[in-house]
Amino acid sequence: MRPVLLVVDMLEDFVRGELGDEKFERIVPPLQKLIKKARENDVPVFYCNDAHKEDDPEIEVWGPHAMKGSEGAEVIEELEPQGPEEIVEKNCYGCFEGTDLEKKLEKTYNGEGADTAIIMGLHTHLCDRHTAYGAFARGYNIIFVEDATDAFTKDQHEKGLKYAKENYNAEIKNTEQIIQEITSQK
Ligand code: ZN
């Protein structure tokens with residue numbers, strides 16, 4: 001397995017700002033653990049971040065959020081990206097469309113490229129799901145981390161996982177299982 005972590009929209013506005021919810025705090029510790037273990041085991045980490053412009057179609061649906069260059073569009077400080085090469089800015093739900101994520105993934109593992117997208121962050125039924133679609137369409141294996149993803153409601157979260165499983169053949173795993181896999185393959 002040549003996995004990568006895709007950390008979706010763990011931004012100020014989504015966790016603590018415009019569209020935030022206290023309950024999202026519970027996925028922060030698992031994400032910290034996953035990112036730490038990934039780094040220790042040379043598993044690449046990419047942050048898929050909204051960086052909106054005023055005329056993005058989503059703004060009409062959700063109102064202004066995660067506007068490019070604003071504080072709300074920054075990754076929450078606990079999850080500390082290590083550099084700009086880990087950041088992929090997107091202007092709609094999915095992280096593959098109109099971004100350089102695919103190119104970045106192809107360069108991982110000394111040019112062999114990743115084969116498995118481990119999806120985490122917000123929201124299960126929305127940006128996680130659309131990012132999973134992009135990964136699926138490009139032939140990646142997909143894993144959703146059930147305790148490191150979340151949505152506005154429990155129902156949306158569960159439906160998001162179910163959709164990914166049924167339509168993208170995604171495996172649903174928890175943080176401990178992922179950590180075991182990435183540490184045992186080294
Ligand atoms: Zn957005």
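Residues numbered from 1 in each chain as written. Predicted model: local features only at pLDDT ≥ 70, side-chain atom pairs only at ≥ 80, totals over all residues. Heavy atoms only, no water.

Peer 1: Please give an account of empty space enclosed by the protein that cites residues and values.
Peer 2: Taken as a whole and assessed by the stated rule, the structure comprises one cavity of 30 Å³ or more. Taken as a whole, the largest cavity holds about 50 Å³ of empty space. Forming the boundary of the largest cavity are Phe14, Leu19, Asp50, Glu58, Trp62, His65, Tyr93, His123, Leu126, Cys127 and Phe152. Of the residues contributing to the lining of the largest cavity, the split by class is seven nonpolar, two polar and two charged. (1 Å grid on protein atoms, 1.4 Å probe; cavity = no way out; pocket = protein on both sides within 12 Å on 5 of 7 lines; lining within 4 Å. Points joined across faces, edges and corners; volume = space filled by probe spheres on them. Nonpolar A, V, L, I, M, F, W, Y, C, P; charged D, E, K, R; others polar.)

Peer 1: Provide a residue-level description of the coordination of the zinc ion, including the pertinent values.
Peer 2: Within the first shell, the zinc ion binds the protein through Asp50 (OD), His52 (NE2), Glu58 (OE) and His65 (NE2), at distances of 1.9 to 2.1 Å. Donor residues for the zinc ion, ordered by position in the chain, follow D-x1-H-x5-E-x6-H. Owing to a relative accessible area of 3%, Glu58 belongs among the buried residues under this scheme. (Donors = N, O, S within 2.8 Å, 3.2 Å for Na, K, Ca; no water. Buried < 20%, exposed > 50% of the residue type's maximum accessible area, 1.4 Å probe, protein only.)

Peer 1: Describe helix 2 (residues 28–40), naming the residues involved and giving the relevant values.
Peer 2: Counted at 1.5 Å a residue, the expected span for helix 2 with its 13 residues is 18 Å, and the 18 Å between its end C-alpha atoms agrees. In the core, the buried residues of helix 2 are packed alongside strand 1 (3–8), strand 2 (45–50), strand 4 (116–122), strand 5 (141–150) and helix 7 (175–184). Positive backbone phi, approximately 55 degrees, marks Asp42, located one or two places after helix 2. (Helix = DSSP H or I, 4+ residues; strand = E, 2+ residues; numbered from the N terminus. Expected span 1.5 Å × (residues − 1). Contact = heavy atoms within 4.5 Å.)

Peer 1: Outline the packing of aromatic side chains, listing residues and values.
Peer 2: What the rule picks out here adds up to six aromatic pairs. Look at Phe136 and Tyr168: their rings are 5.3 Å apart centre to centre, the planes differ by 35 degrees, and that puts the pair in the tilted class. Of this pair, Phe136 sits in helix 5 (residues 127–137) while Tyr168 sits in helix 6 (residues 154–168), placing them 32 residues apart in sequence. (Phe/Tyr/Trp six-rings, centres within 6.5 Å; stacked < 30°, edge-to-face > 60°.)

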